[in-house]
Each structure stands twice: as C-alpha cells, then as structure tokens.
Amino acid sequence: MAKKKASDFRYNTGETRVPWAAVGENYNADDLMSVVEFLMQGSGAAYDKAIAEVREKVNALSKVSAPPMKLSLDTKVAQVEEQTDAYLGTTGSTFVTNCTAGFEIAYRYCGIGPGDEVIIPAITFIATMAYPLAVGAKVVFCDVDPRTLNLDPKDFERKITPRTKMVVPVDIGGYQCDWDEIMRIAKAHNITVLDDAAHGFGAEYKGKKLGTIADFTAFSMHEVKNITSFGEGGILTTNIDSFRPYMKRCRFFGTTFEKRIKNWLYDVELMPGKYEPFVALNSSTTEIQAIGLMNQLSRVDAIIAERAANAKYLTERFAENDAIIPQLLGDDEIKPTFHLYQLQIDPAKAGGDIQDLKKKLEVKGVTNIPHFGPLYRFSLIQQLGYDVDAIAASCPNTEEVFYKRFTHLPIYDLKREQLEYMADAILESVSEMQAGK
Ligand SMILES: *Cc1c(COP(=O)(O)O)cnc(C)c1O
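Described below are features of the structure shown in this document. Residue numbers restart at each chain and count upward from 1, following the sequence in its written direction. Selection of residues for local features in this predicted model requires a pLDDT of at least 70, selection of side-chain atom pairs for listing and counting requires 80 or more, and totals for whole chains, interfaces and linings are taken over all residues. Side-chain metrics in this entry use all non-hydrogen atoms of the structure; hydrogen atoms and water are not considered.

Considerations on the overall build of the protein chain
Here is the rule: Only runs of H or I of at least four residues qualify as helices and only runs of E of at least two qualify as strands under DSSP, and these elements are numbered from the N terminus. For each residue, the accessible area found with a 1.4 Å probe, counting protein chains only, is set against the maximum for its type, and the residue is called buried under 20%, exposed over 50%, and partly exposed in between. By definition, residues are in contact when any of their heavy atoms lie within 4.5 Å. Note on areas: Shrake-Rupley, 1.4 Å probe, and residue coverage restricted to the protein chains presented here.
If you tally the helices and strands in the protein chain, you get 15 helices and 17 strands. With the principal axes as the frame, the protein chain shows a C-alpha extent of 80 × 65 × 45 Å. When burial is assessed residue by residue, the protein chain has 51% of its 437 residues classed as buried. A fraction of 69% describes how many contacts in the protein chain between residues 6 or more apart in sequence connect residues 24 or more apart. Surface exposure of the protein chain reaches about 21100 Å², of which carbon and sulfur atoms provide 54%.

Here's what the structure looks like:
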C-alpha cells in the first residue's frame, strides 16, 4: 500500500522520515467492500457474480492507491460548502453534523438560557425546540397558518415579550413561510430569526433562495430529506456579516491556526455572540459525508422538479372534489421544494375528518405521514412544568388542523401507477365518507 501523506491540519510536517500516518488506522479493500455491499444490496446469482467482480477490482485498486490524507474536515468538506454557496447565493455556509447541530450554533450565538424565550411554530419536529428546552429556556408555541401549517405572523407578534430573543419559523414540507412579515416583526423587536429549513433546501422566496433571508438558516441532509449526506448532515448559513467569519470555527471548538500560544500549534478563543461571547463545541463533518452530498447537490433541481410534477398531478386530480384542500403549488414568487405533499380535507364537506380518512387510506395501502404535530403534546413539555391545556387553547388552528384536517403524503420516486393509485384511493375514500360509508 502506498504511504499516507504526512500532513494534517494541525501537523503540517511536510516530508518526514517518520510519518504522521502512524496515529490512525486506514481503510482497506475489505472496509470499502462493506460499504459497497451496504449501499448496493441484493441477492441471487447475478448479484453475487457482480460483487465478486467488484471485490477483485477493488483489491487490485488497493495495491496501486494511497489512502486519503484526512477523513474529517478537509478539502471535500470545503468543496461541498463552495458548491452550496454557489447554489444558494450565500458565502460562508458551513457543513455540520446535522441540522440540529446548526441550530445549536445559532442558539449559542444568542446565548439562549434560563429566562429567555424562543418562539417556535407549534407544528414541527422535536429538533426545532430541543436546544432551548435542554438549557432551561422557555419555548413559546406559536399558532400556525391553517393553510400552510407555517408560523402565523400575527400570533408570533402577539406572543412576543421583553424576554423573546429568538423566533424559529419552519418551512414545513418545503413550503415557504411568510418571510416578509416575519422578518419585519422580528427586526422591530430585535429578535434573531433562525429558519428551520430542514425541508427547504433549494426553495425560493421572491427571487431569493432560503438561506439568504433569515439571520440564520439550517438545512437538514438527514436520510429522509430531499438530499442526503449518507444519512446525517446539515448546512448552516448566516446573514450576519460580523459572525460569518466565525461560522466554520464554531464547528470545531473555536480553534484558530492563525494565532498560536506558546509551544502550541494553535489557539482557542471565545466566539463572538450577539450579547456575550460563547464557547464553541464540535459539530465536524467527514469527507465521506461531503462526498455523499456532492452528487446529490448537483441533482437537487432535478429532484425538486420531479417532486413538483408529482405534486401538480395530485393537486389537479383533487380539484374534482371541493372537500379536498390540496398542496399549494407555489407561483412566480414562491417556489417550494415539495418535500412532502400536504393533504387537507374540510370536515364539514367531507362528512368526516382526517382521522377517518387516514383509516380508509390504511385499508387501501396508501402511506401517509402523520409525523409533524403539536409539539406541546409530547410528555416532556408537561414534565417540564408547562401548562399544556393553556398552550393548546392559545393554538386553535394547530389543534384544528392536526386532529381534523391534514396529513402528509410521500411524493418522490413513485411510479406513475402508484401516483394514480394514491389519487384514486384518496378521491374514492372521500366520496365514501361523503356518502356516509
Ligand atoms: C429533520 C428535521 C430537523 C432535524 O434535522 P437533523 O438533520 O436530523 O438534525 C429539524 N426540523 C425539522 C422540521 C425536520 O423535519
């Protein structure tokens, strides 16, 4: 096996007689084959033959190749960040372990802790509010717009107090929030805006990509999102010019190699926060994660286009029954990512509510995704001493839409006949409900 290059970001030793490579184990042909067999699974004679051929080739390759210089935070991570910046129109985007780790940097920038309030939409995923809950800050649940399920700017404004430091709108399903209103209100109250765009990579709002609008935006590259970096990953962007140079340092303890302390190769500094400096933690990503993301990034527009076409098909089919309230398709100003298809029904017209429809869909073998609901219903909210009934009473739209009106449908990588079956099954089920069946 060829020699690993004696270089690391902390130990740039150049040509040495005793190489740096001695500190870690390299990957070999067996390791790589395990990954190939994991990513490309199968069985049967044809599969076994193909795998045996690949194994032979990989073994040959291993004899004439060298291992990579680094596995964590190196040129591939930098390259995928450049690609992201070019795509989003940002600078300084930072590839982190996952979207939640991106949130954490933004929350720490604002020094969120006991006594502070963070406003989040009531309907989202637990990740949105985990950090403020973990550090003893108060999470304030904002009601949602019943049509989009996104944070309702009017309720946001009502729920602001002198202790409100942040608001975290979510572009649920990849459909954009009312960004003009949210940013206007937040600015007037000196509230930092973190966009939970876990579903929104590539979405456009009035000619600008998400990632360029809020103070911070975090995207998820978890395996269930539109694109992934081998199962986990996140991108954080900021619009705060003074903080942008620190973003990548916040991913690795605030280290700097431009400054060295005595007998060390680097220094570690506090990172500048909005109110006070803070200690940064570690949310480093690997070169493999970066490679996993690169090709997917170059396909993202095609992925969104396929999703948009499927969403358009369903929305057009549902026009024949006015009890069905279909996914909004966007327009010149709003270009969603169609991460999920939001299906709503009007219980007054449908002769039943979404729970009735969900039961019928289950019988017909149509998957739905009841994954995003009122977070204040989780046990931990009550366990932390929140008054759940009072919160529910302050979020009437949330209660109505979650229990009575909406679910999400998958819309990607479906065959035409699967899409048609899904549309038929939903139309048929709603007709049955209307007929009292
Ligand atoms: C997936 C998801 C997250 C968290 O993303 P991770 O990359 O898994 O940390 C946050 N918010 C919403 C709405 C999500 O769906």
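With respect to the packing of helix α4 (residues 99-109) against helix α5 (residues 127-134)
We apply this condition: Only C-alpha atoms enter the line fits that serve as axes; for helices the fit covers just the stretch in contact. Angles between N-to-C directions range over 0 to 180 degrees. The cut-offs work like this: below 35 degrees is roughly parallel, past 145 is roughly antiparallel, 65 to 115 is roughly perpendicular, and the gaps in between are oblique. Working rule for handedness: look at the near helix, and if it is turned counterclockwise from the far one by less than a right angle, call the crossing left-handed; if clockwise, right-handed. All amino acids are sorted into three groups, where Ala, Val, Leu, Ile, Met, Phe, Trp, Tyr, Cys and Pro are nonpolar, Asp, Glu, Lys and Arg are charged, and the leftover types, Gly among them, are polar.
Direction vectors running N to C along α4 and α5 enclose 45°, while the axes themselves pass 9 Å from each other. Classified by the angle between their axes, α4 and α5 sit oblique to one another. The handedness of the crossing between α4 and α5 comes out as right-handed. Residue-level inspection shows Thr100, Phe103, Glu104, Tyr107 and Arg108 of α4 in contact with α5, the latter providing Ala127, Thr128, Tyr131 and Pro132. Of the residues in the contact of α4 with α5, the class split is 5 nonpolar, 2 polar and 2 charged.

What about a nonpolar patch on the surface?
Selection criterion: Patch definition: residues above 30% relative accessible area lacking any salt bridge, with like charges linked at up to 9 Å and the nonpolar side chains Val, Leu, Ile, Met, Phe, Trp and Tyr linked at up to 5 Å. A side-chain nitrogen of Lys or Arg and a carboxyl oxygen of Asp or Glu constitute a salt bridge if their distance falls within 4 Å.
On the surface, Leu32, Val35, Phe38, Leu39, Met40, Phe230, Ile288 and Ile291 cluster together into a nonpolar patch covering about 790 Å² of accessible area. Within the residue set of the nonpolar patch, elements represented by two or more residues are α1 (29-39) and α9 (287-318). No other element matches α1, which puts 4 residues into the nonpolar patch. Assignment of secondary structure puts leucine 39 in helix α1. In this structure leucine 39 comes out as partly exposed when scored by relative accessible area, which is 46%.

Topic: the environment of glycine 211
Here glycine 211 lies in the loop between β8 (208-209) and β9 (216-220). For glycine 211, a relative accessible area of 2% corresponds to the buried category. Taking C-alpha positions, glycine 211 is 7.9 Å from aspartate 195, a pair spaced 16 residues apart along the chain. Apart from the residues within four sequence positions on either side, glycine 211 is in contact with Thr90, Thr217, Phe219 and Thr237.

Re the sheet that holds strand β6 (residues 192-196)
Spelled out, the test is: A pair of strands is treated as paired once DSSP finds two or more bridges between them.
One open sheet accounts for 7 strands, arranged β1-β10-β9-β6-β5-β2-β4; its pairing is mixed. Strands with a single pairing partner mark the edges of an open sheet, and in this sheet they are β1 (94-96) and β4 (138-142). Going from strand to strand, the sheet's axes swing by 25° on average, the running direction of each strand aside. Judged from the 3 bridges that link them, strand β2 (residues 117-121) and strand β5 (residues 164-167) form a sheet pairing that is parallel. Following the sheet pairing, glutamate 117 is matched in β5 by threonine 164.

A word on the sheet that holds strand β15 (residues 341-345)
On the basis of which strands lie adjacent, the open sheet formed by 3 strands has the order β13-β15-β17 and antiparallel pairing. Looking at which strands have only one partner, the edges of the open sheet turn out to be β13 (324-325) and β17 (406-409). Packed on one face of the sheet, helix α11 (residues 354-363) meets β15 and β17 and runs near 120° to β15.

Examining the side chain of serine 93
Rules: Nitrogen and oxygen atoms within 3.5 Å of one another constitute a polar contact, given that in protein one can donate a hydrogen and the other can accept it, and given that sequence-neighbouring residues count only through two side-chain atoms.
Looking at the secondary structure, you find serine 93 in the loop between α3 (75-88) and β1. Of the residues examined, serine 93 reaches a relative accessible area of 0% and is grouped as buried. At 2.9 Å, the side chain of serine 93 forms a polar contact with the side chain of aspartate 85. The residues contacting serine 93, other than those within four sequence positions of it, are Glu81, Thr84, Asp85, Ile235, Leu236, Thr237 and Lys248.

A look at helix α7 (residues 179-188)
To keep things clear, this is the line we draw: Note: the arc covers the axis-to-C-beta directions of the helix.
Of all the positions in α7, only Trp179, Ile182, Met183, Ile185 and Ala186 are classed as buried. When α7 is viewed along its axis, its buried side chains cluster within an angular range of 165° and face the same direction. Facing away from the buried side of α7, by more than 90 degrees, are the exposed residues Lys187 and Ala188. If you follow the buried residues of α7, they end up packed against α6 (153-158), β6 and β7 (204-205).

A short note on α9
Note on helix geometry: an α-helix contains 3.6 residues per turn, so any two residues three or four positions apart are oriented the same way. This is how it is decided: Expected span of a helix: the number of residues minus one, times 1.5 Å. At any given residue, the bend is defined as the angle formed between two axes, one fitted to the seven residues that end at that position and one fitted to the seven that begin there.
The end-to-end C-alpha distance of α9 is 44 Å, a good match for the 46 Å that 32 residues give at a rise of 1.5 Å each. Along α9, the sharpest kink reaches roughly 50°, centred on arginine 299.

What about the site of the ligand?
Heads up, the rule is: Near is defined per residue: the residue qualifies when any heavy atom it owns lies within 4 Å of the molecule or strand.
Taken together, 17 residues lie near the ligand, and Thr100, Asp196, His199, Ser220 and Lys225 sit nearest. One of the side-chain N or O atoms of aspartate 196 is found 2.7 Å from a nitrogen atom in the ligand. Note that an oxygen atom of the ligand is positioned 3.0 Å from one of the side-chain N or O atoms of lysine 225. The biggest single contributor to the shell around the ligand is α4, with 3 residues.

Digging into the packing of aromatic side chains
We apply this condition: The aromatic pairing rule takes the rings of Phe, Tyr and Trp, using the six-membered ring of Trp, and pairs them if the centres are within 6.5 Å, calling planes under 30 degrees apart stacked, those over 60 edge-to-face and the rest tilted. A ring is considered to have a charge above it if a Lys NZ or an Arg CZ atom is located within 6 Å of its centre and within 35 degrees of its normal.
Inspection of the entire model under this criterion finds 15 aromatic pairs. Ring plane angle 65° and centroid distance 6.1 Å describe the contact between phenylalanine 402 and phenylalanine 406, whose orientation is recorded as edge-to-face. Exposure class is identical for phenylalanine 402 and phenylalanine 406. Each is buried. An aromatic cluster is present here, built from Tyr109, Phe216, Phe243 and Phe278 joined pairwise through their rings. A cation over a ring is seen here: lysine 165 above tyrosine 275, with NZ or CZ 4.5 Å from the ring centre. Directly above the ring of tyrosine 313 sits arginine 416, whose terminal nitrogen or CZ lies 4.2 Å from the centroid.

As for the state of the cysteines
Stated formally: Disulfides are defined in this document as cysteine sulfur pairs within 2.5 Å.
Per the counting criterion, the structure on display carries 0 disulfides. Looking at cysteine 110, it has no disulfide partner, and the nearest cysteine sulfur is the one in cysteine 250, 12 Å off. With no disulfide of its own, cysteine 177 lies 10 Å from the sulfur of cysteine 142, the closest cysteine sulfur. The buried category is assigned to cysteine 177, whose relative accessible area is 1%.

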